[in-house]
Amino acid sequence: MKNIGFLSFGHWTPSPQSQARSAADVLLQSIELAVAAEELGADGAYFRVHHFARQLASPFPLLAAVAARTTRIEIGTAVIDMRYENPFYMAEDAGAADLISGGRLQLGISRGSPEQVVDGWRHFGYQPNDGQSDADMGRQHAEVFLELLKGNGFATPSPRPMFPNPPGLLRLEPFSEGLRNRIWWGSGSDATAIWAAKMGVNLQSSTLKDDETGEPFHIQQARQIRAYRAAWAEAGHTHAPRVSVSRSIFALVNDMDRAYFGGQKDADHIGMLDETTRAIFGRSYAAEPDVLIEQLRGDEAIAEADTLLLTVPNQLGVAYNAHVLEAILTHVAPALGWR
């Protein structure tokens, strides 16, 4: 059995071929797709965060709106770039969204990824300390955020407060019990997966990671997951971790599916994230259901994970993306024992 959700990057473009031609289109359609996914029996609605791009950015208004329109599915991100975040304000936003959802928030965070502009986090008022990299800064913001989610008081109350205070040091409000255990770290390497395990956060591994061994993507990703679980056990955490992987998977069940995705290449790709980082990009899957089922049986990382996030082509509109999800849930998941 697996939790199966969708992951939307929330692209929009004014092109006549796009069903999402504005930010308003993407935001409203994201809510509608989450509602449709819940009705279809999917388990989660997740959204990517990119700054300075025609994509979804500030996630908490959207997460709260989805929470208010749904009752069951998990609502999350994959991932929030912590280089851009004030962890104190973020803790308040996250607490509010989680309370609106009734405890369904699953927040994926990370140190960041290649971006649209040079050092975009500087425009948000942040810069690394002396001797720090921007990745160090992102992890530091994450550590502060995780500490705040414990709900411990840390701020000295005013002797003349506007409103009466509870006794002792004050914490940020609103506080949502249990949210700390529903934070995920988006990891692109074995080392950062081990760091996430030590920090006691769940693991998100996408369709991209550092090419550390030259092996096929799914084998490297499965090894990353096993290293994470071993580090979790060694750290002695008292609750079980969760692991998600992302995939582009399309069951070709009608002529429209074949027109859109029938020509997909079925191989991993190698590229450079920057001057020094060689990365491997996982293949997409697109085939008739019987073929697709056999292909997915061989994906070692999917087998290791408890949660599968299906990346959706959001510019094709809500109805088509709901069809994509339904096809997987109906024609593929039961045969693989995911349902």
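So, here is what we can say about the structure in this document. (Residues numbered from 1 in each chain as written. Predicted model: local features only at pLDDT ≥ 70, side-chain atom pairs only at ≥ 80, totals over all residues. Heavy atoms only, no water.)

## Considerations on helix α1 (residues 23-40)
Part 1 of the reasoning: For α1, spanning 18 residues, the distance from its first C-alpha to its last is 25 Å, which sits close to the expected 26 Å at 1.5 Å a residue.
Part 2 of the reasoning: Those residues of α1 lying buried are Val26, Gln29, Ser30, Ile31, Leu33, Ala34, Val35, Ala36, Ala37 and Glu38.
Part 3 of the reasoning: Looking at the buried residues of α1, the elements they touch are β1 (3-8), β2 (44-47), α2 (60-69) and α10 (318-332).
Part 4 of the reasoning: Taken from the residues just after α1, glycine 41 is the one with a positive phi, measuring 95°. (Helix = DSSP H or I, 4+ residues; strand = E, 2+ residues; numbered from the N terminus. Expected span 1.5 Å × (residues − 1). Buried < 20%, exposed > 50% of the residue type's maximum accessible area, 1.4 Å probe, protein only. Contact = heavy atoms within 4.5 Å.)

## Here we look at unusual backbone geometry
Part 1 of the reasoning: In this structure, the amide linkage connecting alanine 78 to the following residue, valine 79, adopts the cis form with an omega of 10°.
Part 2 of the reasoning: For valine 79, the location among the structural elements is in strand β3 (residues 74-81).
Part 3 of the reasoning: A cis amide bond, omega 0°, links glutamate 173 with the succeeding residue proline 174.
Part 4 of the reasoning: Despite not being glycine, phenylalanine 52 has its phi angle at roughly 60°, a positive value.
Part 5 of the reasoning: Within the secondary structure, phenylalanine 52 is located in the loop between β2 and α2.

## As for the packing of α2 against helix α3 (residues 87-101)
Part 1 of the reasoning: Following both chains from N to C, one finds α2 and α3 inclined at 10°, their axes separated by 8 Å at the closest point. As the angle between them shows, α2 and α3 are arranged roughly parallel. On the side of α2, the interface is formed by Phe60, Ala64, Ala67 and Ala68, while α3 contributes Met90, Asp93, Ala94, Ala97, Ile100 and Ser101.
Part 2 of the reasoning: Looking at the contact of α2 with α3 residue by residue, the classes come out as eight nonpolar, one polar and one charged. (Axes fitted to C-alpha atoms, helices over the stretch in contact; angles between N-to-C directions. Parallel < 35°, antiparallel > 145°, perpendicular 65-115°, else oblique. Nonpolar A, V, L, I, M, F, W, Y, C, P; charged D, E, K, R; others polar.)

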